[in-house]
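Commentary on secondary and tertiary structure
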Amino acid sequence: MSDYPPISEQLDDADEAREDGRRKMDWATQHMPILESVREEFVADKPFDGERIAMAMHVEAKTAILVETLAEGGAEVAVTGCNPLSTHDDVSAALDAHDNITSYAKRGVDDEEYYDAIEAVIAHEPTITVDDGMDLVAAIHEDYPELIDGIIGGAEETTTGVHRLRAMDDDGALDYPVFAVNDTPMKRLFDNVHGTGESSLASIAMTTNLSWAGKNVVVAGYGYCGKGVAKKAAGQNANVIVTEVEPRRALEAHMEGYEVMPMAEAAEVGDVFLTTTGNRDVIVEEHFEKMQDGVLLANAGHFDIEIDLDALDDLATDRYEARDGVEAYEMDDGRRLNVIAEGRLVNLAAPVSLGHPVEVMDQSFGVQAACVRELVDNGDAYDAGVHDVPDELDKEIAEIKLAADGVEFDSLTDTQHEYMDSWDHGT
């Protein structure tokens, strides 16, 4: 086992932290009917007896309910953070108190500690991985390939993680099956659109105490996350500008009423810049040089590489904390460019951020839980590589949510099924 200590050994008052974390988790549970339904099934059936689940996630209250749900299904779970600033230490401590869970997640760790914690999770020799960004999968393949034969498969939550996994798969380097949870309708249509849109804007507003109304908000990238940010910003009376590199998405943004222009032009007029691409160097030196005094720079992509902070630091003649969670970079001409949450995932890394709304994450984590169950039940059916989540699993989670909300919906008749499945009916 690793020498890296669990969170309970790193806190001055672990008991008080556990109490605070449990209160946050209890609140989340009240609003997560999907996981409550899944948990009841798992408690009754114990589908994960004998399994060891390794997780690298944003360890906060909503994620904790997923972690506990898997543990209540009989698994031994080891968990750590997937971002140095997204962990809630009190929630991590509450998880660590569970007999079947060891939590190594701690807020504010440096790079060395971050990867030490991942290695501590891997030291539990997992049979299943549940990841948020793919750092766990990458570390296993790069440093612990001897464990791969014992791994049934994994599930990946994020756009960035799935992109990395598909690149790894294309190179023939992914040696066990992983479900692309991010690519399901239940994830993209709700988590990415409503979750990212609402939580990113709310975190920025709470951190800065500034209004969206009348501001020029530049959204970099018009994927599902970018669509959500643009939609929610427009709903708060901002003027939305979209930058894109993919022509069809640029056209889609244009047809939906947003201004579309290159970042080099948007840099001159934007008041707030929010990156959602999952790629690096989206906002760079040439853009900083054109920006107005007082702009806000934030990132809603997984890693802190979308805004080139090294270049910004080189340009600045002074740098100081303007507000808690806001770093001001002062240029030699007096302009101040303000970076929120160190350019990290703003809806989780800003000081007052709480991540996606509880109800939204209930849906995504319900899919995660269903994927883990599928791996245990039918893992032999999946070869190494990236796999789409079976559509019936995604629909199952949607049906649980609709039932919990008291929403009834139609079903196809036998005649309609036969018509849709046939090719020979004609006009």
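Now for a look at the structure at hand. Fair warning: this is a prediction, and the values are worked out from it, not measured in the lab.

Time to look at the pairing of strand E1 (residues 52-57). Burial analysis of E1 places 5 of its 6 residues in the buried class, the great majority of the element. Bridge count between E1 and strand E2 (residues 76-81): 6 bridges; the pairing is parallel. Bridged to Ile53 within E2 is Val77. In terms of strand pairing, E1 meets strand E4 (residues 128-131) through 4 bridges, oriented parallel. Across the sheet, the residue bridging to Ile53 is Ile128, located in E4.

Another aspect to go through is the sheet that holds strand E8 (residues 239-243). Taken together, 8 strands build an open sheet; the order of strands is E9-E8-E7-E10-E11-E14-E13-E12 and the sheet is mixed. Since the sheet does not close on itself, it has two edges, and those belong to strand E9 (259-260) and strand E12 (318-323), each with one partner. Summarising the sheet, strand E11 (residues 296-299) and strand E14 (residues 336-340) pair through 2 bridges and their orientation is parallel. Of the residues in E14, the one forming a bridge with Leu296 is Asn338. Against the sheet, helix H9 (residues 224-235) touches strand E7 (216-220), E8 and strand E10 (272-275), its axis set at about 170° to E7.

The rules we used
- Residues numbered from 1 in each chain as written.
- Predicted model: local features only at pLDDT ≥ 70, side-chain atom pairs only at ≥ 80, totals over all residues.
- Heavy atoms only, no water.
- Buried < 20%, exposed > 50% of the residue type's maximum accessible area, 1.4 Å probe, protein only.
- Helix = DSSP H or I, 4+ residues; strand = E, 2+ residues; numbered from the N terminus.
- Pairing = 2+ DSSP bridges.
- Contact = heavy atoms within 4.5 Å.
- Axes fitted to C-alpha atoms, helices over the stretch in contact; angles between N-to-C directions.

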